[in-house]
Structures are given as structure tokens and as C-alpha cells.
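# Remarks on the overall topology
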Amino acid sequence: MVTALEERLLAVAGSVPDPELPVLTLGELGVVRAVHVQDAGAVEVDLTPTYTGCPAIEAMTADIEQALRAQGVGEVTVRRVLTPAWSTDDITEEGRRKLREFGIAPPRVRGAAGPVPVTLGPIREPGNAGPGVPSAGPAYQAVREPSAGAPDARPRLGTPDITGAPVPCPLCGSPDTELLSRFSSTACKALRRCRACLEPFDHFKEL
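Since the structure is predicted, the reported quantities are computational estimates derived from the model, not experimental observations. For every chain, the first residue of its written sequence is number 1, and the numbers climb from 1 along that sequence. Totals for whole chains, interfaces and linings use every residue, but because this is a predicted model, local features are given only for residues with pLDDT of at least 70 and side-chain atom pairs only at 80 or more, for both listing and counting. Derived side-chain values reflect all non-hydrogen atoms in the structure, with water molecules and hydrogen atoms excluded from consideration.

## Things to note about the overall build of the chain
Numbering goes from the N terminus for both helices and strands, where a helix is a DSSP run of H or I of at least four residues and a strand is a run of E of at least two. If you tally the helices and strands in the chain, you get 4 helices and 7 strands. Written out in order from the N terminus, the α and β elements of the chain read α-α-β-β-α-β-α-β-β-β-β. For every residue, the accessible area (1.4 Å probe, protein chains only) is compared with the maximum for its type, and the residue is labelled buried under 20%, exposed over 50%, or partly exposed between those bounds. For the chain, with 207 residues in total, the buried portion stands at 37%. Residue contacts are defined here by distance: any two heavy atoms, one from each residue, within 4.5 Å place the two residues in contact. Pairs at least 24 residues apart make up 52% of the contacts formed inside the chain by residues separated by at least 6 positions. Just so you have it, the chain exposes about 11,500 Å², and 57% of that area is on carbon and sulfur atoms. Note on areas: Shrake-Rupley with a 1.4 Å probe; residue coverage comes only from the protein chains shown.

Below you can see the structure in the form of C-alpha cells.
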């Protein structure tokens, strides 16, 4: 049974901004799982990292401790909980709205858990490989991302097919976007470009 005090402290911990994406709070990101008030007033917080080895976890921990101590909590322990694992489905609707307003395409909803199919394509176009790099053979097929516009014959580096849905541009709303790089300013984001407004933008990758 969650007490009123635990609910209040959970809201405080959840209001801490994410150190890498300060437009989101940790509650909107979905990484603060629970707050438990122990005997003698000590508080334990369950925190799930977005992925193992996340470099922001130490900053999250320190910021949660500081926020709760400001509420008069004397002893705070932040416990890293790995099960159940965090998923981008844990981002709240408010968090997704804030990402779009900030110019970042939110992750698509994965839905039911299960295996994620991955299609691999050539990094270089056949015949254009550099010295010592073999051209793509028949075992490697060029893949194209879903596009609402005209067909594009350029091969793309394969990416996990999470939902089959396109990634809409957060700036103009067009679904006709393309992948430029699987990694952007942080490991959790990819760099994409809109073919309609021609603007580049970050996409919070599905996990």
C-alpha cells in the first residue's frame, strides 16, 4: 500500500529534470519507479536507467537526493532497479508532447514486448567501396525506410523495424523523413532529416 507521503515524495523525485534532456522530468521519462519510506524516516527510491551503463545515472541519483533532502528527508538511498527494464514506451504522453515541442521526434510506441526484427543493408553503395572494402554481395540487401513521397532508390543502413510507421518531422509534421545517422548528440537519439521542409532533427530512438 502506497502512503500519501510516498506519493508526495514520488512526485518530488519525478519532478527532477533529466540531465541530458532537461525538457523532460524523470517522471515523464519513466525512470523513477517508486519511493519507499523506511523506518526512522529513511527514504529509498527505485530508479531504472534507460540502458545499462547510462552515463547520466550518477547525475540523476545526485539530483534526486538533493530534491528529497530539500523536502526535509534526512536519509535518501537511490536504488538502481533493472527489472522490469526501461522501455521508451514508459515515456508519458506529456513527455512525448514536450519532445515534439522541443524539436525532437518522440519514439514510436513499440506495443507488445517481443523480438525486434533487424534488417541489415550495405553501408556503401555497391561498386563504391573504398580500397580493401568488398562490395556488398547478394547476401546484403539495400533497405529503404517508409516514405510518403516519391520512391528513393538510395540504399539505407538497416534499422530496427519497431512499428513499421514512419517517423514524422516534429517541425512540420511530414511523415516523409530519412535517416542520416543512427547516433546524434546522445546515444539514445538518431539524426534524421525531413524531405518536406529539409530541416534536420533528432529522433528519440525506440528501445
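Let us keep going from here.
## A closer look at the environment of leucine 179
Inspection of the secondary structure assignment puts leucine 179 in strand β5 (residues 177-181). Separated by 14 residues in the primary sequence, leucine 179 and arginine 193 have C-alpha atoms spaced 6.5 Å apart.

## Focus on the sheet that holds strand β3 (residues 76-80)
The 3 strands are arranged β1-β2-β3 in an open sheet whose pairing can be described as mixed. A strand with exactly one partner marks an edge of an open sheet, and here the two such strands are β1 (32-37) and β3. This sheet shows a mean twist of 20 degrees between the axes of neighbouring strands, independent of strand direction. At least two DSSP bridges between two strands are needed for those strands to be called paired. The sheet contact formed by strand β2 (residues 43-47) and β3 spans 5 bridges and is parallel. Of the residues in β3, the one forming a bridge with valine 43 is valine 76. Along the sheet face, helix α1 (residues 4-14) touches β1 and β2 and points at about 140 degrees away from the line of β1. Whenever a helix is involved, its axis is fitted only over the stretch in contact; in every case the axis is a line through C-alpha atoms, and angles between N-to-C directions fall within 0 to 180 degrees. Helix-sheet contacts for helix α3 (residues 57-69) involve β1, β2 and β3, and the interaxial angle to β3 is about 150 degrees.

## Structural notes on the nonpolar core
Judged by nonpolar contacts, the single largest core of 29 residues is most densely connected at Val45, Ile64, Leu68 and Phe204. Going through the elements one at a time, α1, α2 (26-29), β1, β2, α3 and β3 are the ones with two or more residues in this core. It is α3 that contributes the most residues to this core, 4 residues altogether. When neighbours within four sequence positions are excluded, phenylalanine 204 is seen to be in contact with Leu21, Leu29, Trp86, Thr88, Ile91, Leu99, Ile104, Ala105, Pro106, Pro107, Cys188 and Lys189. By convention a nonpolar core is built from buried Ala, Val, Leu, Ile, Met, Phe, Trp, Tyr and Cys residues, the set being connected through side-chain atoms within 4.5 Å. Within the second largest apolar cluster, 5 residues are counted, among which are Ala105, Val167, Cys169 and Cys194.

## Some words on empty space enclosed by the protein
Here a cavity is any set of points on a 1 Å grid over the protein atoms alone where a 1.4 Å probe fits but cannot get out, and a pocket is any open set with protein on both sides within 12 Å along at least 5 of 7 lines; a residue lines the site when it has an atom within 4 Å of a point. Grid points are joined across faces, edges and corners, and a volume is the space filled by probe spheres set on the points. Inspection of the entire model under this criterion finds 1 cavity of 30 Å³ or more. Considering only enclosed or pocket space, the largest cavity measures out at about 70 Å³ in volume. Taken together, Asp18, Glu20, Leu21, Leu29, Thr50, Tyr51, Cys54, Met60, Cys188 and Phe204 make up the full set of residues lining the largest cavity. Nonpolar residues are Ala, Val, Leu, Ile, Met, Phe, Trp, Tyr, Cys and Pro. Charged residues are Asp, Glu, Lys and Arg, and all others, Gly as well, are polar. Residues belonging to the lining of the largest cavity are distributed by class as follows: 7 nonpolar, 1 polar and 2 charged.

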